[in-house]
Amino acid sequence: MLNSYLNIAWGIGLSILPYFILAFIPVWNQLRYSKKTVITAGTLCMLLNIVSVILIIEWVPDWNSLRFFHSVVFLLLYVGVYTAVVKGTPSKLVFIAFLVKSYADFIVNMAKFLEVSYLTYGLHKVYVQTSYSFYFNLFQCVILMMTYPLVWIFFRKKISKVMQTHNKAWRYLWIIPMVYYIISLSFGAMNAKLIAQWQFLVFNTVAFLGFYLIYYVVIEMLEQSQKNMILTESNEIIKQQLLFQSEYYKKFGECIEETRKGEHDLRHHINTVLGLIQQQNDNKAERYIFELLGNRLSISDVLYCGNDAVNAILSYYANICKSEAIDLFIETMVPGDLEIDETDLCVVFGNVLENALEACRCIISGDKIIKLSSQFIGNKLYISIDNRYAGEVHIKNGVFLSNKRAEASGIGIISVTAIAKKYDGEARFEAGDQEFRVSVVLPNQDHKKQRKARTLRPVLD
């Protein structure tokens, strides 16, 4: 009896622990609670599962008749706990939960096939269905050791990345692993003779590989859709950048022309002011000087930092804010010789300023203020922007939603986040007390060289 209980505990542990780890690989940084709390909750669920199976076997003679019901109840329990402890879109979490479940069902079906075949054809014994027999658990271990590394890589490399995408298709993708789960339920109703047939092995393998191929294709499509969305946004930013630079250089030229004209007319202005002073007409001399100062453009009006591309964007938005009575305070330090692509810099500065401008435009009464600052410290560019806003900021599952596209995250936020990640940096978005803050950290490095270094590092290690 003790061996039977040990086999049950061993079998249930194999049926839960490896898949518990898989399910949390893509969302380990999205936990609502501490990691210790999550591990404790998972352990309690597993112990409850073990105890319930042992008690049902002891109290219910026909335990196999309750297998389906017991499996569904605990599946719902695990999915419920999973979605409760992880921050994220429910459809994404359900997709991962059933994706893991499809892999678990494949292992169970294969282990059952090997158990029945080995007892029937290897040991020439009559197969008697039991709960988590020694051979069933042994074959589970063997199949897990053969397949787990590949599935681990799939979750670590592909699923973790695609979890960062934002697409309406997530509302329906969970149906795919759900269909596989329903199909796998029919396998549990098969008798031993059918399970021992080679056709069962082929069908189970083909079904599993086919569904995972579908998952792979869908994930690739989601990643490409995300890239296309960011690329479209980047192209728009590049177009705006050309416009900004055109206006910037036009204004810069006006400043130079004004300076030349001022130098030419300086003697005449000085003579005029001198004449007014000699006439003791101080008030008129003062008005004349103020008029001269007010009519002149200054190079400082278009030079905010040492980077021409960023200057162009800042100058463009400074003019817009001035025309719309929005107070824009700029204190920037952006070197002109950064390794960060100028296009990426323009995407970041352009998006944060555009979003701040849109927020201020929605303010009906009250101060319209935007404060932009940047510093270059420790070979990293730190960018922060604070702006006032009116109304409510919509957040869903920790993601800020766009005011232009209902129930969808803002493309600007996605673009800024993607660029920060591209340089191994960070982008944070915070809202509170009618003030929105964006903080971006960009390490000064060539992202192509950095990506190559990350690729070579495992080989060198």
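Every value quoted in this text rests on a predicted model; they were computed, and no experiment measured them.

Calculation rules
Residues numbered from 1 in each chain as written. Predicted model: local features only at pLDDT ≥ 70, side-chain atom pairs only at ≥ 80, totals over all residues. Heavy atoms only, no water. Helix = DSSP H or I, 4+ residues; strand = E, 2+ residues; numbered from the N terminus. Buried < 20%, exposed > 50% of the residue type's maximum accessible area, 1.4 Å probe, protein only. Contact = heavy atoms within 4.5 Å. Areas by Shrake-Rupley, 256 points an atom, 1.4 Å probe, with all protein chains shown as cover. Pairing = 2+ DSSP bridges. Right-handed = clockwise from strand over helix to strand, strands pointing away. Patch = residues over 30% accessible without salt bridge, like charges linked within 9 Å, V, L, I, M, F, W, Y side chains within 5 Å. Salt bridge = Lys/Arg side-chain N within 4 Å of Asp/Glu carboxyl O. Lys, Arg positive; Asp, Glu negative; His and termini not counted. Charge placed at Lys NZ, Arg CZ, Asp CG, Glu CD. Core = buried A, V, L, I, M, F, W, Y, C linked by side-chain atoms within 4.5 Å. Phe/Tyr/Trp six-rings, centres within 6.5 Å; stacked < 30°, edge-to-face > 60°. Lys NZ or Arg CZ within 6 Å of the ring centre and 35° of its normal.

**Student:** Give a detailed account of the overall build of the chain, specifying residues and quantitative values.
**Tutor:** Each helix and strand in the chain was counted, giving 14 helices and seven strands. For the chain, the proportion of its 461 residues judged to be buried stands at 42%. At a minimum sequence separation of 6, the contacts of the chain that also span at least 24 residues come to 75%. Carbon and sulfur atoms provide 61% of the accessible area of the chain, an area that totals close to 26,000 Å².

**Student:** Go over the pairing of strand β1 (residues 327-331) with me, naming the residues and quoting the values.
**Tutor:** Bridging between β1 and strand β2 (residues 369-377) involves five bridges; their strand directions are parallel. When the bridges of β2 are listed, Leu-328 appears paired with Ile-370. Read from β1 through helix α12 (residues 342-361) to β2, the crossover connection turns out left-handed.

**Student:** Can you break down a positive patch on the surface residue by residue, with the values?
**Tutor:** Together, Arg-156, Lys-157, Lys-161, Lys-227 and Lys-421 line one region of the surface with positive charge. In terms of residues, the positive patch owes the most to one element, helix α5 (residues 134-162), which gives three residues. With a relative accessible area of 46%, Lys-161 lands in the partly exposed category.

**Student:** Go over the pattern of salt bridges, please, and point to the residues and values.
**Tutor:** Counted by the stated rule, this structure contains eight salt bridges. Close ionic contact of Arg-361 with Glu-358 constitutes a salt bridge, the shortest N to O distance being 3.1 Å. Residue Arg-361 and its partner Glu-358 are both found in helix α12; the two are separated by three residues, about one turn of the helix. By relative accessible area, Arg-361 is classed as partly exposed at 37%.

**Student:** Now, about the nonpolar core: what can you tell me, with residues and values included?
**Tutor:** For soluble globular proteins, nonpolar side chains are generally found buried alongside one another. Leu-22, Phe-24, Tyr-82, Ile-96, Tyr-103 and Phe-155 are the most contacted members of the largest nonpolar core, which has 61 residues in total. Secondary structure elements with two or more residues in this core: α1 (2-24), α2 (35-59), α3 (67-85), α4 (90-122), α5, α6 (170-173), α7 (175-188) and α9 (198-278). Considering each element in turn, this core owes the most residues, 14 residues, to α4. The contact partners of Phe-24, leaving out residues within four places of it in the chain, are Leu-31, Val-38, Tyr-82, Val-85 and Val-86. In this structure, Ile-313, Val-347, Ile-385 and Ile-413 belong to the second largest nonpolar core, which totals 42 residues.

**Student:** I'd like a rundown of the packing of aromatic side chains, residues and numbers included.
**Tutor:** One pass over the full model with this rule turns up 13 aromatic pairs. The interplanar angle of 85 degrees and the centroid separation of 6.1 Å between the aromatic rings of Phe-24 and Trp-28 together place this pair among those described as edge-to-face. For Phe-24, a relative accessible area of 5% corresponds to the buried category. Classification of Trp-28 by relative accessible area gives partly exposed; the value is 31%. With a centroid separation of 5.3 Å and an interplanar angle of 50 degrees, the aromatic rings of Tyr-118 and Tyr-135 are classed as tilted. You can see Tyr-118 sitting in helix α4 and its partner Tyr-135 sitting in helix α5, a full 17 residues away along the chain. These aromatic residues form a ring-pair network of at least three members: Trp-10, Tyr-118, Phe-134, Tyr-135 and Phe-139. Just above the ring of Phe-136 sits the side chain of Lys-112; from NZ or CZ to the centre is 4.8 Å.

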